[in-house]
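# Commentary on secondary and tertiary structure
Listed below are the residues making up each chain.
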Amino acid sequence: MKTLKTIAIMLAVIAAASCNSSKLSACRPGEIWPDNNGIHINAHGGGILVEGDTYYWYGEHKIEGTAGNVAHVGVHVYSSKDLYNWKDEGIALAVTHDEDSDIREGMVIERPKVIHNARTGKYVMWFHLERDPQYLDGRTGIAVADSPVGPFTYIRCTRATPKSWPDNVQDFHKGPVAEGLQDVTNLSEGQHPDEVNTLGRDFEIGQHSRDMTLFVDDDGKAYHICSSESNSTLHINELTDDYLDFTGRYIRIFSGCKLEAPAIFKHDGRYYMMMSGCTGWAPNPGHSASAPSIWGPWEEMGNPCVGPGKETTFDSQSTYFITLPDGRVIYMGDRWCPENAIDGRYIWLPVEFNEDGTYSLRWRDEWSLDGKAGTKPLSDAHEYSNPCGGDFPIMAWFTLHGQHLAARHIPLLEEAGFNLAFSFLSDMAEVDSVLAAAEGSKVGIIASCKELARRPEEAVRHLMGSPAVAGYFLRDEPGADDFADLHEWAERIRTVDDSRMLYLNLHPTYAPDGYLNVDTYEEYVRRFCDEVPLGWMSFDHYPVLDSGIRPDFYHNLEVVSSNARRKGIPFWAFVLSTAHGQYPIATYESMSLQAYTDLAYGAQGIEYFTFQPGQLRSLSFHHAPIEADGSKTPTFDLVKRLNSEIQALTPVFLGAEVDDVSHLGELPKGTHALAGLPQEVKAISGEGVLVSQFHNGERRYLMVVSRSLDASQEVSIDFQSSGVSRILPGEAPQAQASGVHTETLTPGGMLLYCLD
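Residues numbered from 1 in each chain as written. Predicted model: local features only at pLDDT ≥ 70, side-chain atom pairs only at ≥ 80, totals over all residues. Heavy atoms only, no water.

Counting its regular elements, the protein chain contains 13 helices and 40 strands. Taken along its principal axes, the extent of the C-alpha atoms in the protein chain is 105 × 60 × 50 Å. Residues classed as buried in the protein chain amount to 59% of the 756 residues present. The long-range share in the protein chain, meaning contacts at least 24 apart out of those at least 6 apart in sequence, stands at 63%. On the protein chain, roughly 29300 Å² of surface is accessible, and the fraction owed to carbon and sulfur atoms is 50%. Between the centroid of the 60 positive side chains of the protein chain and the centroid of its 104 negative side chains there is a distance of 4 Å. (Helix = DSSP H or I, 4+ residues; strand = E, 2+ residues; numbered from the N terminus. Buried < 20%, exposed > 50% of the residue type's maximum accessible area, 1.4 Å probe, protein only. Contact = heavy atoms within 4.5 Å. Areas by Shrake-Rupley, 256 points an atom, 1.4 Å probe, with all protein chains shown as cover. Lys, Arg positive; Asp, Glu negative; His and termini not counted. Charge placed at Lys NZ, Arg CZ, Asp CG, Glu CD.)

This part covers the sheet that holds strand β2 (residues 54-60). The strand order β1-β2-β3-β4 describes an open sheet built from four strands, whose pairing is antiparallel. Every interior strand has two partners, whereas the edge strands, β1 (44-51) and β4 (87-94), have only one. On average, adjacent strands in this sheet sit at an angle of 25° to one another, irrespective of strand direction. Across six bridges, β2 lies against strand β3 (residues 74-80) in antiparallel orientation. (Pairing = 2+ DSSP bridges. Axes fitted to C-alpha atoms, helices over the stretch in contact; angles between N-to-C directions.)

Next up on the list: the environment of glycine 686. As for its placement among the helices and strands, glycine 686 is situated in the loop between β33 (681-685) and β34 (689-696). Considering only alpha carbons, one finds glycine 686 and valine 196, 490 residues apart in sequence, at a separation of 87 Å. Those residues within four positions of glycine 686 in sequence are excluded, and the remaining contacts are Leu664, Gly665 and Glu714.

Below, the discussion takes up the pattern of salt bridges. One pass over the structure, following the stated rule, counts 39 salt bridges. The salt bridge partner of glutamate 352 is arginine 362, with a shortest N-O separation of 3.4 Å. Within this pair, whereas glutamate 352 is found in strand β20 (residues 345-353), its partner arginine 362 is found in strand β21 (residues 359-362), the two being separated by ten residues in sequence. Accessibility expressed as a relative area gives 12% for arginine 362, which makes it buried. For aspartate 498, the salt bridge identified is with arginine 494, shortest N-O distance 2.8 Å. Taking the relative accessible area as the measure of exposure, arginine 494 reaches 0% and is therefore buried. Three or more residues joined by partner-sharing salt bridges are found here, namely Asp102, Arg131, Asp137 and Arg139. (Salt bridge = Lys/Arg side-chain N within 4 Å of Asp/Glu carboxyl O.)

Before going further, it helps to spend a moment on the sheet that holds strand β25 (residues 469-476). The eight strands lie next to each other as β22-β23-β24-β25-β26-β27-β30-β31, forming a closed barrel whose pairing is parallel. Ignoring strand direction, the axes of neighbouring strands in this sheet form an average angle of 30°. Pairing of strand β22 (residues 394-397) with strand β31 (residues 606-609), which is carried by three bridges, proceeds in the parallel orientation. Considered in β31, the bridge of methionine 395 is made with glutamate 607. Sheet strands in contact with helix α9 (residues 521-531) are β26 (501-506) and β27 (537-539), and its direction is about 150° off that of β27.

Our next topic: unusual backbone geometry. The omega torsion across glycine 296 and proline 297 is 0°, close enough to zero to call that bond cis. Within the secondary structure, proline 297 sits in the loop between β15 (287-291) and β16 (299-302). Even without being a glycine, leucine 83 presents a positive backbone phi close to 75°. On the secondary structure map, leucine 83 appears in the loop between β3 and β4. Unusually for a residue other than glycine, lysine 258 sits at a positive phi of about 55°. Inspection of the secondary structure assignment puts lysine 258 in the loop between β12 (246-253) and β13 (259-267).

In this model, the protein chain carries an average pLDDT of 92, and 94% of its residues clear a pLDDT of 70 or more. Between residues 1-21, whose pLDDT stays under 50, and residues either more than four places distant or in other chains, the model counts 22 contacts. For the stretch residues 372-378, pLDDT sits under 50, and the model shows 23 contacts to residues farther than four places along the chain or on other chains. (pLDDT = per-residue confidence, 0-100.)

Burial of β31 is two-sided: the residues Ile606 and Tyr608 facing one way and the residues Glu607 and Phe609 facing the other way are all buried. Viewed along the sheet, the connection from strand β30 (residues 571-576) through helix α11 (residues 588-600) into β31 turns out right-handed. (Right-handed = clockwise from strand over helix to strand, strands pointing away.)

On to the nonpolar core. In a soluble, globular protein the nonpolar side chains are often hidden away together inside. In terms of nonpolar packing, the biggest core is built from 116 residues, with Phe571 and Tyr608 touching the most fellow members. Counting residues per element, this core draws most heavily on α11, at seven residues. In this structure, Tyr78, Phe265, Tyr331 and Ile347 belong to the second largest nonpolar core, which totals 36 residues. (Core = buried A, V, L, I, M, F, W, Y, C linked by side-chain atoms within 4.5 Å.)

Here we come to the environment of arginine 362. The spacing of arginine 362 and cysteine 305 is 57 residues in sequence and 5.9 Å in space, taken between C-alpha atoms. Of note is the side chain of arginine 362, whose polar atom sits 3.4 Å from the side chain of glutamate 352. (Polar contact = N/O pair within 3.5 Å; in protein donor to acceptor, adjacent residues only side chain to side chain.)

Below, the discussion takes up the packing of helix α7 (residues 456-463) against helix α8 (residues 483-494). Packing of α7 against α8 leaves a shortest axis separation of 8 Å and a crossing angle of 40°. Looking at the two axes, α7 sits oblique to α8. In this structure, the crossing between α7 and α8 has a hand that is right-handed. In contact with Pro456, Glu457 and Val460 of α7, α8 contributes Trp489, Arg492 and Ile493. (Parallel < 35°, antiparallel > 145°, perpendicular 65-115°, else oblique. Left-handed = near helix turned anticlockwise from the far one by under 90°.)

Turning our attention to the environment of glutamate 366. You can see glutamate 366 is positioned in the loop between β21 and β22. Separated by 181 residues in sequence, glutamate 366 and serine 547 place their C-alpha atoms 61 Å apart. Residues contacting glutamate 366, with those up to four places away along its chain left out, are Ala26, Cys27, Arg28 and Pro29. A polar contact is formed between the side chain of glutamate 366 and the side chain of arginine 28, at a distance of 3.0 Å.

This part is about the packing of aromatic side chains. A full pass over the atoms with the stated rule returns 52 aromatic pairs. Note on tryptophan 86 and tryptophan 348: the rings are 6.2 Å apart at their centroids and 85° apart in plane angle, and the pair reads as edge-to-face. One end of the pair, tryptophan 86, is in the loop between β3 and β4; the other, tryptophan 348, is in strand β20, and 262 residues separate them in sequence. With a relative accessible area of 2%, tryptophan 86 lands in the buried category. Judged by its relative accessible area of 2%, tryptophan 348 falls in the buried class. The ring centre of tryptophan 295 lies 3.9 Å from the NZ or CZ of arginine 249, which sits over that ring. Across from the ring centre of tyrosine 510, 3.5 Å away, lies the NZ or CZ of arginine 550, which sits over that ring. (Phe/Tyr/Trp six-rings, centres within 6.5 Å; stacked < 30°, edge-to-face > 60°. Lys NZ or Arg CZ within 6 Å of the ring centre and 35° of its normal.)

So, about the side chain of aspartate 718. Tracing the chain through its elements places aspartate 718 in strand β36 (residues 713-719). Among residues more than four places away in sequence, those in contact with aspartate 718 are Glu680, Val681, Lys682, Ala683, Gly739 and Val740.

A few words now on α8. Helix length check: α8, at twelve residues, gives a terminal C-alpha distance of 16 Å against a target of 16 Å (1.5 Å per residue), a fit within 8%. Check the buried side of α8 and you find it contacts β21, α6 (450-454), α7, β25, β26 and α9. (Expected span 1.5 Å × (residues − 1).)

Here we come to the pairing of strand β24 (residues 444-447). Here β24 shows two buried faces, one formed by Gly444 and Ile446 and the other by Ile445 and Ala447. As paired strands, strand β23 (residues 420-422) and β24 are joined by three bridges and run parallel to one another. Following the sheet pairing, leucine 420 is matched in β24 by glycine 444. Regarding the hand of the β-α-β motif, the stretch spanning β23, helix α5 (residues 428-438) and β24 is right-handed. Two strands pair when backbone bridges link them, and β24 and β25 are joined in this way by three bridges, in the parallel orientation.

This is how it looks when you write it as C-alpha cells:
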C-alpha cells in the first residue's frame, strides 16, 4: 500500500505533467522535474555528457522508500537539447539477478559518470560500486557502450591504482601501518590518515574509491577523482588513453579533511573543485578549491555558497558541473531523501565567478540560460534596508577596539541607547571576538578588518553567518578619485551578500584642499550618489566649535539631503560627543542641536563620534561618553538622554520624507527663507530657527529647531486648525487649539507637531 507521502508525490508529478504541455523554459531548483512522460526525472548523483547539440544525463535510478538507497534497477539516462526538457532514454546500465555478478540487485551503484573516448569511439562509464551494502568494499565499476544511451556492458570493478605510490608520497607512507588498522568505511574520531598510514595499508590491493567523478581535460586526458583512504583524503587519478584503467599516476589532496562528493571543472585555464563534508545523507557547508594544474597545488577557498541556505549548500550535495559551450558553468547537486529515495530533488544553479579567482553559488527560485546564468543580476544600487529593524539606527564610533573591551562595552552601548557600533579592527580574529560578544545583544556590528579589503568575497562569506553583522565597512572620507575602486569593491561584496549595509562615510564641506578631488562639494556628493552603488550615504560634519556654529553646517545638510531625495536614498548624519582641538566638551544643547537638525533634514540614522576614543589618543580626545579606563563621564548620561528621546520619536522620524526645510532670521549659507506653510498653519515667527515640513506615510509634520546654543527664544505659531497635536518624546500627543501659540525654544531645542 502506498504511503500518504508517496501519493502526494505522485499527485505533484501528475500536476507537473499537466503543466508540461508546453516546454519548460527555466530551471526551478528543488521542484519536481518532469521528463517527456511527465514523470519526475530519476537520475540521482548524476553527471552530464555533451555530444554535439545534445546533453545526456546519467544518474542512479531510485525506487520508493529506504530500499531505494541501494540499486534495484541501475543507471538511468535522459537526453535534452536545452537542459530544461528531458527525454527518457531508458536504463543505460541494468543490474542483474545473477548472484555471481558484481552489479546484482541490492548492491550499491552511485555517482555514475560517462565520458566519450574520441580515439576508440567508446562511451565509458565509471561509478562507485559497493558489493557489500555496508560500504566495506570501496571499489569503482567500469562499463562501456557504443551509444551514449547504451546499453552499457559491465566490464569489471577495481580498487584504484594498486601497487602505485602517488606523486606526493612521503617516506613514512612506505613504512609501517598502524597496528589493527582495518579496511573499514571511516577512521575513528581523531585518527589522521598519515598518522595511521592508510595509504600504506592499501598499497597492494589498491586505494579506496568511493564518491567519485570523471574529468576530461582539453588535451583529451581523463582523470578519476575520488574520496579515498577511508573517506579521509581525495585522490586524483590519471586514466589510460582508452579510459578503461588507471595509469598508476595520482596525487593525494586535502589529507585528513574527510571530504566526499567531488565535482570538478575548468574555467579560464584554472581548475576548480567542489566537495562536501562527510555527514551521511545530511547536507553540510560546501568546500571549494582551485589549482593552476590538475596536479596542483590545490588551495582551499571555503564555502562557495552565499546567502541564506549556504550552511547546507541549499540542502544539497555536489555531484557535477556542466560547462556550456560559451564557458558558463552550472552546478549540479542532489537533495537526498533517504527515507523515500525516489523523491530526491535536483539543485542546479549557475556559477558566479569572482574577480579574486573564487566562484560563488547563490540560491535562485528560478533561473534560465537566457537570463545570463553564471552572473549575478545586481540592481543599479544596493536596496537599503534599516539594519535595526523597527528601531531608529543610532551608531557609536570607536567602541569595541581591543578584544578585551568588546564584552565590557556591549552592555554600556545598550544602556546608552546605541543599536549599532563601529571600530577599526585589526583582523578577522578580532572581528570574530567582537561578533561573539555582540551576539544576543541589541547592538549590530559594522565589521571592519584588513581581510575585507584584501579578499572581500572570502571575508564576507565568513562574516555573513553571524547575526551580529549589520554591515561591512569600506572607507572613511574617500575622495572622488576613489569612487571607481569603491564601486568595484562594493560590487564584489554584493555578489556575496547584498542584504547588509555597505558602510562608507563622506567628507564634510570643510575638507582640506585636495581631499575631494573635484572642484565643488556639490559635485563630490552628486558623483558619489551616481557612481557608488551603496543605496544610501553618510557624512560627518562637526558644527559646534569653541567659536560658535560653523556657517556651512546647514549648507552641508542641504547638499546631502537634496541629493538623497534626488536619488531616492536615505542618509545618516553625525553628532559630535567627544571634545578635541577646537571642539568643546559636548553639552546636551550642542548634541540636541546637531541631532534634531539632522532629523529635520531627513536623516534616517544618527551617528556619534565617538563613544570611547582609545584609538585616537594621539589627537588628545577627551570627555567622551566612556573614558579610556572604561568609566562613564557626564557625557554618557547626556547621550543616553538624547538617544532615549530619538528612539521614542521613531514613529515620526523613521521613514520620514522631507518636503521642505527653510529658515527664519538671518539665512545660513546655502539655505532659503520660509516661503510657504501647510494649510493648518497661518504663520510662524521667530529668529534663528529652521522650519522643516515632512511627511511619514499619510501623516504630515511640522518641526522647528533652534539654531542657537546660547540663548532661548520665543517662537509663535498661529494654527488655523484645532486638529494639530504637539509631539513630545515619550508623552501622549497634546492637542493644540487654533490661534497663536507662543513657545520658548531652548538652546538646541526643537518643537514638533503632527498636522493630521
